Amino acid sequence: MRIFNCPICGLPWLEGVDEEKVRYSYEICICCGCEYGCDDTPTYREQWLKKGTPWFDEQQRPKGWNLEDQLHHIFPGWNAG
Ligand SMILES: [Zn+2]
């Protein structure tokens, strides 16, 4: 299955990525800062929300960024591969 958002924070991606690829990419989300395949867990999301949703790469944060919109695209049952 191709997914089009970070499963943890819901950040939209320009292109869809195969779900399995995401799990083993070990890339860092520019928004929530999770490392796919490592700490991309619902617990990480909870902590990120508690911290006040800081961007990993603050410079890439779009103007008018809307957390609520983005959170509609998370994967509640996602677990780190
Ligand atoms: Zn993310």
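Residues numbered from 1 in each chain as written. Predicted model: local features only at pLDDT ≥ 70, side-chain atom pairs only at ≥ 80, totals over all residues. Heavy atoms only, no water.

Draft legend 1. The arrangement of the overall build of the protein chain in detail. Within the protein chain, the regular secondary structure consists of three helices and two strands. Along the chain direction, N to C, the helices and strands of the protein chain fall in the order β-β-α-α-α. Against the 2.2 N^0.38 benchmark of 12 Å for 81 residues, the protein chain shows a C-alpha radius of gyration of 12 Å, consistent with a compact globule. Its C-alpha atoms put the protein chain at 30 × 25 × 20 Å along the principal axes. Considering the protein chain as a whole, with its 81 residues, one finds that 35% of them fall into the buried category. Look at the contacts in the protein chain between residues 6 or more apart in sequence, and 50% of them connect residues 24 or more apart. (Helix = DSSP H or I, 4+ residues; strand = E, 2+ residues; numbered from the N terminus. Rg over C-alpha atoms; globule rule 2.2 N^0.38 Å. Buried < 20%, exposed > 50% of the residue type's maximum accessible area, 1.4 Å probe, protein only. Contact = heavy atoms within 4.5 Å.)

Draft legend 2. Inspection of the nonpolar core at higher detail. Grouped together as the largest cluster of nonpolar side chains are 16 residues, with contacts concentrated most on Cys6, Cys9, Cys29, Cys31, Cys32 and Cys34. If near-sequence neighbours (up to four positions away) are discounted, Cys29 is found in contact with Cys6, Cys9, Leu11, Cys34, Tyr36 and Phe56. (Core = buried A, V, L, I, M, F, W, Y, C linked by side-chain atoms within 4.5 Å.)

Draft legend 3. Molecular detail of the coordination of the zinc ion. Looking at the zinc ion, the protein donor atoms are Cys6 (SG), Cys9 (SG), Cys29 (SG) and Cys32 (SG), and they sit 2.3 to 2.4 Å from it. The site at the zinc ion holds four donor atoms, and with the angles between them running 106 to 112°, its shape is tetrahedral. (Donors = N, O, S within 2.8 Å, 3.2 Å for Na, K, Ca; no water. Tetrahedral: all angles 85-135°; square planar, octahedral: opposite > 155°, others 65-115°.)

Draft legend 4. Representation of the pattern of salt bridges within the structure. Taken as a whole and judged by the stated rule, the model has three salt bridges. With a shortest N-O distance of 3.2 Å, Glu58 and Arg61 are connected by a salt bridge. (Salt bridge = Lys/Arg side-chain N within 4 Å of Asp/Glu carboxyl O.)

Draft legend 5. A look at the layout of surface pockets. In this structure, the largest pocket occupies an estimated 190 Å³ of space. Considering the residues around the largest pocket, the lining is formed by Leu11, Trp13, Val17, Lys21, Val22, Ser25, Glu27, Ile28, Cys29, Ile30 and Tyr36. Residue assignment for the lining of the largest pocket shows that the elements contributing at least two residues are β2 (12–18) and α1 (19–23). When the residues that make up the lining of the largest pocket are grouped by side-chain class, the tally is eight nonpolar, one polar and two charged. (1 Å grid on protein atoms, 1.4 Å probe; cavity = no way out; pocket = protein on both sides within 12 Å on 5 of 7 lines; lining within 4 Å. Points joined across faces, edges and corners; volume = space filled by probe spheres on them. Nonpolar A, V, L, I, M, F, W, Y, C, P; charged D, E, K, R; others polar.)

Draft legend 6. The arrangement of unusual backbone geometry in detail. A positive phi is found at Tyr26, a non-glycine position, where the angle reads about 55°. Within the secondary structure, Tyr26 sits in the loop between α1 and α2 (42–50). The class of Tyr26 is partly exposed, set by a relative accessible area of 46%. If you check the backbone angles, Thr53 has positive phi at about 50° while not being a glycine.

Draft legend 7. View of the side chain of Arg45. Its place among the elements puts Arg45 in helix α2. No salt bridge forms around the buried Arg45; measuring N to O, its nearest opposite-charge neighbour Glu46 is 6.8 Å away. A polar contact of 2.8 Å, which involves the side chain of Arg45, links it to the backbone oxygen of Pro7. (Lys, Arg positive; Asp, Glu negative; His and termini not counted. Polar contact = N/O pair within 3.5 Å; in protein donor to acceptor, adjacent residues only side chain to side chain.)

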